[in-house]
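Inside the fold
In case you want the letters, here they are:
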Amino acid sequence: MRIGELADKAGVSTRALRYYEEQGLLRSQRTTSGQRVYEESAADRVRLIQELYTAGLGSRLIVTLLPAIDARRVGPELLTRLVDERAQIQAKTAVLQDAGRRLDLLIHLATYPDAQSCPTSLDQAVAQGSVSP
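Conventions adopted
- Residues numbered from 1 in each chain as written.
- Predicted model: local features only at pLDDT ≥ 70, side-chain atom pairs only at ≥ 80, totals over all residues.
- Heavy atoms only, no water.
- Core = buried A, V, L, I, M, F, W, Y, C linked by side-chain atoms within 4.5 Å.
- Buried < 20%, exposed > 50% of the residue type's maximum accessible area, 1.4 Å probe, protein only.
- Helix = DSSP H or I, 4+ residues; strand = E, 2+ residues; numbered from the N terminus.
- Contact = heavy atoms within 4.5 Å.
- Arc of directions from axis to C-beta.
- Axes fitted to C-alpha atoms, helices over the stretch in contact; angles between N-to-C directions.
- Parallel < 35°, antiparallel > 145°, perpendicular 65-115°, else oblique.
- Nonpolar A, V, L, I, M, F, W, Y, C, P; charged D, E, K, R; others polar.
- Patch = residues over 30% accessible without salt bridge, like charges linked within 9 Å, V, L, I, M, F, W, Y side chains within 5 Å.
- Areas by Shrake-Rupley, 256 points an atom, 1.4 Å probe, with all protein chains shown as cover.
- Salt bridge = Lys/Arg side-chain N within 4 Å of Asp/Glu carboxyl O.

1. Overview of the nonpolar core
Side chains of nonpolar character tend, in soluble globular proteins, to be buried together. Core analysis: the biggest nonpolar cluster contains 24 residues, and Leu6, Leu17, Tyr20, Leu26, Tyr38 and Val46 have the highest contact counts within it. Within the residue set of this core, elements represented by two or more residues are helix 1 (3-10), helix 2 (14-22), helix 3 (42-54) and helix 4 (59-71). If we skip the residues at most four places from it in the chain, tyrosine 20 touches Leu25, Leu26, Val46, Ile49, Gln50 and Tyr53.

2. A closer look at helix 1
Those residues of helix 1 that fall on the buried side of the exposure criterion are Ile3, Leu6, Ala7 and Ala10. Angularly, the buried residues of helix 1 cover 100 degrees about the axis, an arc narrow enough to put them on a single face. In this structure, the buried residues of helix 1 make contact with helix 2, strand 2 (36-37) and helix 3. Residue glycine 11 follows helix 1 closely and has a positive phi angle near 75 degrees.

3. Looking at the packing of helix 2 against helix 3
Where helix 2 contacts helix 3, the axes come no closer than 12 Å and their chain directions differ by 80 degrees. What the angle tells us is that helix 2 and helix 3 run roughly perpendicular. Taking contact as the criterion, the partners of Leu17, Tyr19 and Tyr20 in helix 2 are, on helix 3, Val46, Ile49, Gln50 and Tyr53. Residue classes in the contact of helix 2 with helix 3 are distributed as six nonpolar, one polar and no charged.

4. Some remarks on a nonpolar patch on the surface
The grouping of Val74, Leu79 and Val83 at the surface amounts to a nonpolar patch, some 220 Å² of accessible area in total. Along the polypeptide, valine 74 turns up in the loop between helix 4 and helix 5 (76-111). For valine 74, a relative accessible area of 36% gives the class partly exposed.

5. Re the pattern of salt bridges
Enumeration according to the criterion identifies five salt bridges in this entry. A salt bridge links glutamate 40 to lysine 9; the shortest N-O distance between them is 2.7 Å. With glutamate 40 in the loop between strand 2 and helix 3 and lysine 9 in helix 1, the pair connects residues that are 31 residues apart, well separated along the chain. For arginine 101, the salt bridge goes to aspartate 98, with nearest N and O atoms at 2.2 Å. Of the two residues, arginine 101 and aspartate 98 are both situated in helix 5; the distance of three residues between them amounts to about one turn of the helix. Overall, the relative accessible area of 31% leaves aspartate 98 in the partly exposed class.

Have a look at this one:
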C-alpha cells in the first residue's frame, strides 16, 4: 500500500510515517518512480509505534525495543532501560501532581478570596494543606 493509504489506515499523517522511516522505526520498499510502498502489516506496526510513544518512550529506545518485541524477548539491558523510563515518568507524574495541587490552591483562593489571607508561599500552603479545594 502507498503512504497515503497507510496514513489513513493507521490514523497518522504521512509526515509521521516519513519521520518513522528516518528514525529506523518503519521500512518501505520503493517503486521505480521512488514512491513508498508498505506491507499490509505496516498499519499494525505504526499503531504499535504510536502506543510506545504514548507510553513515554523516545524513538531511540523504540528502535531498540521493536526487534525485541518481534523476537518476544527483552534482554536485561533493555529491561533496565524500560524500568528507568518508568521511574522517570513516575517522577514527572509527581511533579505534575504537585503543580495540580498548587493550581487547586490558586483556584480556591480566587473563588473564595476572603476565606483566608494570601499564603506567603504556594509550596508552604500546599504542604500544610492550609486551603483545601
